[in-house]
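Residues per chain, in single letters:
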Amino acid sequence: MNKLEKKLFGFINEDDIVKNKKTGNVYMVKTFDPAKHDKPTPDEVEKTKAANGGKIPTSENIYNAVVGFVEKKPTKKVYISRKYMESSYPDIELTEASTRNTDRHKRIDNEEEIENFFKSYNFEILYPENSFDSLEQQIDYFKDVKTLVGLTGAGLTNSVFMQPETNLVEIASPIIFYNRIYSTSIVDFSEAQHFFYSKIAFERKLFYYTVNNIEKKSNIVIERIKHNKGILDLLNE
């Protein structure tokens, strides 16, 4: 289970029965928040129990209730940017022979060029690391996303909150992996692509598209998108 999943399934603790002001769902939370919650009536509690085998929903039940709640048809087109993400390499001491090359760790050479390209198709540019004050706010945002595009990375995990039959476009980028041989203080670097988000798309019934970014060049990625009719159609919607 990754950090996002732990956060998602860990934010509920069977301490307080509440009614969500927005969705009307009755469930357990750790702390009652008057801005988000009402106290359910005894009748509402009993109806919720009757609908859930005599229990108040918790954990995965709440996840499905919140994520599955459709208030309106998704409309947003969003590009997840990595421009302001902090460096994620581990705290390791490199030898002279393996001196860190900053460019090597970038997923794309010119993030701003990619941003401007998607802005020209009326996409919102999102910096998820500092865009949300709570998990609920994060869920609400991505439930309204119709098309999500991003470089391979943790930001695309937010696709678990999207509604079925929406679109996920992964700019499939190589990721650096580190292997330290502790007995020799040698640090070995390896680089590979993965398609983890295709599995999320399958589980969430999303339409999944990929753009190869093996060269890590923004101009090449843009040209590939321009020559992919399926993805271009999504951008023009």
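Shown above is the structure to which this text applies.
Presented here is an overview of the structure given in this document. It should be emphasised that the depicted structure is a prediction, and the values quoted were computed from it without experimental measurement. (Residues numbered from 1 in each chain as written. Predicted model: local features only at pLDDT ≥ 70, side-chain atom pairs only at ≥ 80, totals over all residues. Heavy atoms only, no water.)

**Here we look at the sheet that holds strand 4 (residues 76-80)**
Here's step 1: Taken together, the five strands give an open sheet; going across it, the order is 5-4-6-7-10, and neighbouring strands pair in parallel fashion. Two strands lie at the open edges of the sheet, namely strand 5 (124-126) and strand 10 (207-212), each paired on one side alone. Adjacent strand axes in the sheet meet at a mean angle of 20° when their direction is disregarded.
Here's step 2: Both strand 4 and strand 6 (residues 145-151) contribute to a ladder of five bridges, which runs parallel. What sits directly across from tyrosine 79, in strand 6, is valine 149.
Here's step 3: Helix 8 (residues 229-236) contacts strand 4, strand 6, strand 7 (167-172) and strand 10 of the sheet and is inclined by roughly 115° relative to strand 10. (Pairing = 2+ DSSP bridges. Helix = DSSP H or I, 4+ residues; strand = E, 2+ residues; numbered from the N terminus. Axes fitted to C-alpha atoms, helices over the stretch in contact; angles between N-to-C directions. Contact = heavy atoms within 4.5 Å.)

**Quick look at the environment of lysine 83**
Here's step 1: If you trace the backbone, lysine 83 turns up in the loop between strand 4 and helix 4 (111-119).
Here's step 2: A sequence separation of 27 residues divides lysine 83 from asparagine 110, and the C-alpha atoms of the two residues are 9.1 Å apart.
Here's step 3: Residue contacts for lysine 83: discarding those within four places in its chain leaves Glu111, Glu112, Glu115 and Tyr127.
Here's step 4: For lysine 83, the side chain forms a polar contact with the side chain of glutamate 115, separated by 3.2 Å. (Polar contact = N/O pair within 3.5 Å; in protein donor to acceptor, adjacent residues only side chain to side chain.)

**Here's the deal with the sheet that holds strand 1 (residues 16-20)**
Think of a sheet as strands paired side by side through backbone hydrogen bonds, with each pair either parallel or antiparallel.
Here's step 1: Taken in spatial order, the three strands make up an open sheet running 2-1-3, and their pairing is antiparallel. On the outer flanks of this sheet lie strand 2 (26-29) and strand 3 (37-38), each paired with one strand and no other.
Here's step 2: Here strand 1 pairs with strand 3 via two bridges, running antiparallel. Residue pairing across strands places asparagine 20 opposite histidine 37, the latter belonging to strand 3.

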